[in-house]
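Coordinate inspection notes
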Amino acid sequence: MPFSEPKTAQFATLFRGWNRLEARSRKDDFSSGLAAATADPLWALGRQWQMQEMKGRNAGTPIRADVTYEVAALNEIRLGDQPFEDIDETPVEVQVERESVEWDWRMRIRAGQHFERMAPDLVDQMRDLCPVVKPPEDSEEWINLDYASRRFVLFMEGRAINGETLFELIAQGAVPEPFAGEMTRWYGSLYWQPGRNASPAWKPERLDYEFALRAGAPAAPGSLKAGSYRNGSIDWHSFVTDGSAAAAFKTPAVLRATPVHVTFAGQPKPRWWEFEDGAVNFGALDTAKTDLGKLLLTEFALMHGDDWFIVPLRTDPNTLINVREVRVLDCFGVQTPIARAVDAAGPLQKWQVYALAPAPGTAQPAAMLYVPPGAGTREESPVLEEVQFARDEDANIVFAIEHIVPNQLGDPARGFAAHLEAQRRWREHLGTEAEATSAPTAEPAPDAPPPPRVRYVMSTKVPQNWIPFLATEGDNTVGGVVRRSVRLREGAIVSTEAADELRPIAALSRLLSRGDGAANLINEEAVGRAGVRVELRRQRMRSATGETHVWLGRKVGVGKGEARSGLRFDEGREIA
């Protein structure tokens, strides 16, 4: 605010100045200013009134909370369409995903070398009974054996024990004890695997897993159902409730504890001169108009962050918790019951977080919280198999593109290179048979007309690692009513290397060609516009009991969009 104008212009030029409303320190020591010392307590009360700190109501501090809750242990699991069975101490992820490990040549030699170290006196005898023998060169096994595996087999022939044949003898009782039992325990410790190729929970027609959990007898309630599990992490939001689970809850228990304030990074401080954490900036959140969740979180953190209390409630993993009542006792001796959000009168008053949703077609269940098993962080190997399902709208076909496939040594290889090598091996096999029957070609007559300049192409070629899936008509029964639907059935690209034989090019991945988990018939809705990516990896996890689990599991993710195979039919091409 400037001074009033002086009477002389010379005085105004020499002594003009301004007064500032804010404080300005003329010293380097700010301790006295930050102390906020005042000689007038009424001024401090006025500041509190200005900041609306005198409008508090019901200001009793909670000193005790009585939580009435009940717990139900989930001790049975159902994988896919299989019956319910008991859950052991194995993590749920392992039981859902694990599948059998196939015998490759490196695994055969590894098992044989382990037996040689364990029983050196039986090495010569077992090499005669379980030899490593090269397959006959005219057999299909040798044709399908890649070049790297051929060199490995030729090097190991006569020098090692075939572990697969050794375990066949163990199953027949032809291997003496204690070596048979030691080998069985050693092989069982390598992988956690079931008795079938793919997990019973794997649904190839949907390209995901399906399983359910429930409490066992004598009072078997409705189950928690995971109708679509594909991301490799089991948590409470993976499930929906299938019916009422109230019959499995035990006798209600009461927890008495002292509530404490909720704390988080960047929380507003209750003291006037205390600064917040500068590492958290809620004002820098990238929030759009439709991001209601972020807006609610920001409002809660900035306006009501120090008004919430928490009561720790501990329970065992893999259990259901149902909180029936919460009563809070404050410092004035007043008890306040806190009603559950699910029991509110109208739908606008209901607000739930971490509550299980009901399955489609079932009634609204009681508010329950599922505590998943406390498994540690999993470790994943490089991709062993990768198949991309993508739509080709030009050809009106869905292709399963084998990007990564395993060779006969168990090592991952590029799918395109593996198919080219398979084609080369088949050409070599056909070339050895065609040499004896080949006949010299006849020369054209001198008066013969010139050859045509246009060549008719029935269909263009696509990469051999692109497996087609054709749309077929199928039946889909929902609630006893048969509905017409479209299903994608696996086809094949035909090889024309031999003139008198049309050989379909087979898939090389486990997902498409081998075992009962092969996806040979897929629902059309399973492959969207973005496509689907299915990977097979080795997984490693340490459970809550400290035991290490290694298994083979699949993970399903989003693809890379539509594909262009270049497939065309009935084309005429000019011959250069």
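Details of the structure are given in the entry above.
Residues numbered from 1 in each chain as written. Predicted model: local features only at pLDDT ≥ 70, side-chain atom pairs only at ≥ 80, totals over all residues. Heavy atoms only, no water.

Turning to the overall build of the chain, a few remarks are in order. Within the chain, the regular secondary structure consists of 13 helices and 27 strands. Taking all 576 residues of the chain together, 36% fall into the buried category. Sequence separation of at least 24 residues holds for 69% of the intrachain contacts in the chain that already meet a minimum separation of 6. (Helix = DSSP H or I, 4+ residues; strand = E, 2+ residues; numbered from the N terminus. Buried < 20%, exposed > 50% of the residue type's maximum accessible area, 1.4 Å probe, protein only. Contact = heavy atoms within 4.5 Å.)

Right, let's get into the packing of aromatic side chains. A full pass over the atoms with the stated rule returns 13 aromatic pairs. Ring geometry for Trp103 versus Tyr187: centroids 5.2 Å apart, planes at 5°, classification stacked. Note that Trp103 is positioned in the loop between α4 (92–97) and α5 (105–118) and Tyr187 in helix α10 (residues 179–190), a separation of 84 residues in sequence. Exposure remark for Trp103: the relative accessible area of 23% places this residue in the partly exposed category. For the ring pair Phe239 and Tyr370, a centre distance of 5.0 Å and an interplane angle of 70° mean the geometry is edge-to-face. Of this pair, Phe239 sits in the loop between β6 (223–229) and β7 (240–242) while Tyr370 is found in strand β14 (residues 369–371), placing the two residues 131 residues apart along the sequence. In this structure Phe239 comes out as buried when scored by relative accessible area, which is 3%. (Phe/Tyr/Trp six-rings, centres within 6.5 Å; stacked < 30°, edge-to-face > 60°.)

Next up on the list: the packing of α5 against α10. The angle between the axes and the distance between the axes are what describe a pair of packed helices. Packing of α5 against α10 brings their axes to within 11 Å, and their N-to-C directions diverge by 140°. The angle between α5 and α10 places the two elements in the oblique class. The handedness of the crossing between α5 and α10 comes out as right-handed. Within the contact between the two elements, α5 uses Met107, Arg110, Ala111, His114, Phe115 and Met118 and α10 uses Phe179, Glu182, Met183, Trp186, Tyr187 and Leu190. Considering only residue class, the contact of α5 with α10 consists of nine nonpolar, one polar and two charged. (Axes fitted to C-alpha atoms, helices over the stretch in contact; angles between N-to-C directions. Parallel < 35°, antiparallel > 145°, perpendicular 65-115°, else oblique. Left-handed = near helix turned anticlockwise from the far one by under 90°. Nonpolar A, V, L, I, M, F, W, Y, C, P; charged D, E, K, R; others polar.)

Of all 10 residues making up strand β17 (residues 397–406), eight are buried, and the element is well covered by its neighbours. In the sheet, strand β16 (residues 385–392) pairs with β17 via seven bridges, with the strands oriented antiparallel. Bridge pairing in β17 links Gln388 to Ile401. Pairing analysis gives three bridges linking β17 to strand β18 (residues 412–414), with the strands arranged antiparallel. Looking at β18, one finds that Val405 is bridged to Ala413. The hairpin formed by β17 and β18 contains five residues between the paired strands, and Gly410 there has a positive phi angle of roughly 85°. (Pairing = 2+ DSSP bridges.)

A few words now on the environment of Leu511. Counting through the fold element by element, Leu511 comes out in helix α13 (residues 510–513). Between the C-alpha atom of Leu511 and that of Pro204, which follows or precedes it by 307 residues, the distance is 8.4 Å.

The residue Asp394 is located in the loop between β16 and β17 in this model. Distance from Asp394 to Ser565, taken between C-alpha atoms, is 8.6 Å for residues 171 residues apart in sequence. Look past the residues within four positions of Asp394 in its chain and what remains in contact with it is Arg564 and Arg568. At 3.3 Å, the side chain of Asp394 and the side chain of Arg564 are in polar contact. (Polar contact = N/O pair within 3.5 Å; in protein donor to acceptor, adjacent residues only side chain to side chain.)

Moving on: the side chain of Glu385. Inspection of the secondary structure puts Glu385 in strand β16. The exposure class of Glu385 is buried, given its relative accessible area of 5%. Within the local environment of Glu385, its side chain forms a polar contact with the backbone nitrogen of Arg510, the two atoms lying 2.9 Å apart.

A word on helix α9 (residues 163–172). All of the buried residues along α9 are Gly163, Leu166, Phe167, Leu169 and Ile170. Projected down its long axis, α9 shows its buried positions confined to an angular sector of 155°, all on one face. Summarising the geometry of α9, the exposed residues directed more than 90 degrees from the buried face are Ala171 and Gln172. Elements that come into contact with the buried residues of α9 comprise α5, α6 (123–129) and α10. (Arc of directions from axis to C-beta.)

So, about the packing of α5 against α9. Where α5 contacts α9, the axes come no closer than 7 Å and their chain directions differ by 60°. It follows from the interaxial angle that α5 and α9 lie oblique. In this structure, α5 uses Arg108, Ala111, Gly112 and Phe115 to contact α9, whose residues at the interface are Gly163, Glu164, Leu166 and Phe167. Looking at the contact of α5 with α9 residue by residue, the classes come out as four nonpolar, two polar and two charged.

With that out of the way, let us pick up the side chain of Asp330. As for its position among the elements, Asp330 is in strand β11 (residues 319–330). Of the buried charged residues, Asp330 lacks a salt bridge, with Arg64 as the closest side chain of opposite charge at 10 Å. Within the local environment of Asp330, its side chain forms a polar contact with the backbone nitrogen of Val334, the two atoms lying 2.9 Å apart. Filtering out sequence-adjacent residues up to four positions away, Asp330 remains in contact with Gly60, Thr61, Pro62 and Ile63. (Lys, Arg positive; Asp, Glu negative; His and termini not counted. Salt bridge = Lys/Arg side-chain N within 4 Å of Asp/Glu carboxyl O.)

With 41 residues, the main nonpolar core has Phe211 and Phe389 as its most contacted residues. With 23 residues, the next largest nonpolar core counts Ile170, Tyr191, Leu384 and Leu552 among its residues. (Core = buried A, V, L, I, M, F, W, Y, C linked by side-chain atoms within 4.5 Å.)

Attention shifts here to a negative patch on the surface. A contiguous patch of negative charge on the surface is contributed by Glu85, Asp86, Asp88, Glu89 and Glu547. Structurally, the position occupied by Asp88 is in the loop between β3 (85–86) and α4. What makes Asp88 partly exposed here is its relative accessible area of 43%. (Patch = residues over 30% accessible without salt bridge, like charges linked within 9 Å, V, L, I, M, F, W, Y side chains within 5 Å. Areas by Shrake-Rupley, 256 points an atom, 1.4 Å probe, with all protein chains shown as cover. Charge placed at Lys NZ, Arg CZ, Asp CG, Glu CD.)

Let us look at the pattern of salt bridges. Overall, the coordinates contain 28 salt bridges when judged by the stated rule. Arg214 is the salt-bridge partner of Glu76, the closest N and O atoms lying 2.8 Å from each other. With Glu76 in strand β2 (residues 76–79) and Arg214 in strand β5 (residues 208–214), this pair connects stretches of sequence that are 138 residues apart. For Arg214, a relative accessible area of 21% corresponds to the partly exposed category.

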